[in-house]
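Spelled out, the chains give:
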Amino acid sequence: MLNNQSLMLLSKFALKAKKHLGLIKVMQMINSEQYAYKTLTQAALSDDKDLVDLTKRICHELHVGMDVVDAIDMYIESIKAINNDEDYLHEVKYFLIKLTTHLYGISINGETYRQAVDNVLINVDDKEKPRYITLARKFYGFWKIRNDGFSKKFNPLNEKMMAQKEDFIKLWASIDHEFLTNLESWPLNLYVESIRQRGLMEEEINICRRVAKVVIIELRSEQNSDENAYRNVIDNIQILFERDDLKGLFLTVSRDFYHFWMGTDSKVAN
């Protein structure tokens, strides 16, 4: 049974979500888990960050769709960190609306996920399927990790995540001593100079520089030097952050630094 505070929070959500989703039936959200799930997953795909944050709070109040909504938020933020293209974001969100419908009530494993993706692809043109399959593979990583975060059971993925976190902590501790080539240093120096001109304090500049340097080091393991490689690195690192403020800082720096990193070759050549 929800308390008065929870009911007020739901009412606030209904009012805020009305602009994006139309009329929200508060009592139906309380009485129908499937209706609540559908409403919350759609709200998580809005452009209103305050609504998304409120949606995550409602998920925890109702114990509905917590893993999916968190995964949606992380996935969309990872895309925005690299390329905030409106058309691409619209395509991703359209796909996620279709996909998350088929994720309701299923167990978390590769087989059930493939079945959900197959259900989405039934009405997709063959030429478009490879692109949507790529989107599905990306989202699966976020969904699986967030679900494991809510689960208390031990599994190999949690063990892998622990190892990744340990490696990241070691890299962060030694990042000031990591050597960069001239090609790697060039975009970093340009980025640091740009944020210094904004009037940031030296302590803030140093944190941003260290974050960008971590990205550079991690990019070495990628076979290609393109947008997809950068996105892979951002995806792999951001899931290691549990605190929203740290994840937000990382995504902000990554978004800003991306433009300098993408211009490396031409700038060096000139």
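Structure: see above.
First, a word on scope: everything that follows refers to the structure included in this document. (Residues numbered from 1 in each chain as written. Predicted model: local features only at pLDDT ≥ 70, side-chain atom pairs only at ≥ 80, totals over all residues. Heavy atoms only, no water.)

### A word on the nonpolar core
Let me state the cut-off plainly: Among buried residues, those of type Ala, Val, Leu, Ile, Met, Phe, Trp, Tyr and Cys that are joined through side-chain atoms within 4.5 Å constitute a nonpolar core. Buried residues are those whose accessible area, probed at 1.4 Å on protein chains only, stays under 20% of the maximum for their type, while exposed residues exceed 50% and partly exposed ones sit between those limits. A helix here means a DSSP run of H or I that spans at least four residues, while a strand means a run of E at least two residues long, and both kinds are numbered starting from the N terminus. It only takes one pair of heavy atoms within 4.5 Å for two residues to be counted as in contact.
Membership of the largest hydrophobic core comes to 50 residues, with the highest contact counts inside it found for Phe13, Met29, Leu96, Leu99 and Phe139. Going through the elements one at a time, α1 (4-21), α2 (26-31), α3 (33-43), α4 (49-62), α5 (66-80), α6 (86-101), α7 (110-121) and α8 (129-150) are the ones with two or more residues in this core. A total of 9 residues in this core trace back to one element, the largest contributor, which is α5. In this structure Leu99 touches Tyr113, Ala116, Val117, Val120 and Phe139, once residues within four positions along its chain are discounted.

### Remarks on the packing of aromatic side chains
Selection rule: In this analysis, rings of Phe, Tyr and Trp, with Trp reduced to its six-membered ring, are considered paired at centre separations within 6.5 Å, and the interplanar angle assigns stacked below 30 degrees, edge-to-face beyond 60, and tilted for intermediate values.
In this structure the tally under the stated criterion is 11 aromatic pairs. With centroids separated by 5.7 Å and ring planes inclined at 70°, the aromatic side chains of Tyr191 and Phe257 adopt a geometry described as edge-to-face. Note that Tyr191 is positioned in helix α10 (residues 182-196) and Phe257 in helix α13 (residues 244-262), a separation of 66 residues in sequence. We note that Tyr191, like Phe257, is buried. On the basis of an interplanar angle of 40° and a centroid distance of 5.1 Å, the ring pair of Tyr230 and Trp261 is categorised as tilted. With Tyr230 in helix α12 (residues 227-238) and Trp261 in helix α13, this residue pair connects regions lying 31 residues apart in the sequence. Comparing Tyr230 with Trp261, the two get one shared label, buried. Taken together, the ring pairs connect Tyr75, Phe139 and Phe142 into an aromatic cluster.

### Topic: the packing of helix α11 (residues 202-219) against α13
For the record, the criterion: Lines fitted to C-alpha atoms define the axes here, with helix axes fitted over just the stretch in contact, and angles between the N-to-C directions of these axes take values from 0 to 180 degrees. Small angles under 35 degrees read as roughly parallel and large ones over 145 as roughly antiparallel, with 65 to 115 read as roughly perpendicular and the rest as oblique. For any helix crossing, the convention is left-handed if the near helix is rotated counterclockwise from the far helix by under a right angle, and right-handed if that rotation is clockwise. Three residue categories are used. Nonpolar comprises Ala, Val, Leu, Ile, Met, Phe, Trp, Tyr, Cys and Pro, charged comprises Asp, Glu, Lys and Arg, and polar comprises the others, including Gly.
Relative orientation of the contacting elements α11 and α13 amounts to 65°, with a least axis distance of 9 Å. As judged from the angle between their axes, α11 and α13 are roughly perpendicular. Between α11 and α13 lies a crossing whose hand is right-handed. Residue-level inspection shows Ile207, Cys208, Val211, Ala212, Val215, Ile216 and Leu219 of α11 in contact with α13, the latter providing Leu249, Phe250, Val253, Ser254, Phe257 and Trp261. Here the residues of the contact of α11 with α13 are counted per class, giving 12 nonpolar, 1 polar and no charged.

### With respect to α7
Put simply, the rule is: Here a helix's expected span is defined as the number of its residues, less one, multiplied by 1.5 Å.
Look at α7: 16 Å from first C-alpha to last across 12 residues, which is about the 16 Å you get at 1.5 Å a residue. If you check which residues of α7 are buried, you get Thr112, Tyr113, Ala116, Val117, Val120 and Leu121.

### Considerations on α10
An ideal rise of 1.5 Å per residue puts 21 Å on 15 residues; α10 measures up with 21 Å between its terminal C-alpha atoms. Taken residue by residue, α10 has Glu184, Ser185, Pro187, Leu188, Tyr191, Val192, Ser194 and Ile195 as its buried positions.

### Quick look at the pattern of salt bridges
Rule in force here: By definition, a salt bridge exists where a carboxyl oxygen of Asp or Glu is found within 4 Å of a side-chain nitrogen of Lys or Arg.
Taken as a whole and judged by the stated rule, the model has 17 salt bridges. The partner of Lys129 in a salt bridge is Asp126, and the shortest N-O contact between them spans 3.3 Å. With a shortest N-O distance of 2.9 Å, Asp176 and Arg209 are connected by a salt bridge. Placement of Asp176 in the loop between α9 (156-174) and α10 and of Arg209 in helix α11 is noted, with a sequence separation of 33 residues between them. Exposure remark for Asp176: the relative accessible area of 41% places this residue in the partly exposed category. Because the salt bridges share partners, they merge into one network encompassing Lys49, Asp53, Lys56 and Asp73.

### A look at the packing of α5 against α6
Here α5 crosses α6 at 165°, and the two axes come no closer than 11 Å. Accordingly, the angle class assigned to the pair α5 and α6 is roughly antiparallel. When you trace α5 past α6, the crossing you get is right-handed. Of the residues in α6, those in contact with Val68, Ile72, Tyr75, Ile76, Ile79 and Lys80 of α5 are Tyr88, Leu89, Val92, Lys93, Leu96 and Thr100. Residue composition of the contact of α5 with α6, grouped by class: 9 nonpolar, 1 polar and 2 charged.

### What to know about the side chain of Thr55
Going by this rule: We define a polar contact as two N or O atoms separated by no more than 3.5 Å, with the added condition that, inside protein, one atom must be a possible hydrogen donor and the other a possible acceptor, whereas residues neighbouring each other in sequence contribute only through side-chain atom pairs.
Assignment of secondary structure puts Thr55 in helix α4. Judged by its relative accessible area of 0%, Thr55 is buried. A distance of 2.7 Å separates a polar side-chain atom of Thr55 from the backbone oxygen of Leu51. Not counting the four nearest positions on each side in its chain, Thr55 is found in contact with Phe13, Leu40, Ala43, Ala44 and Val69.

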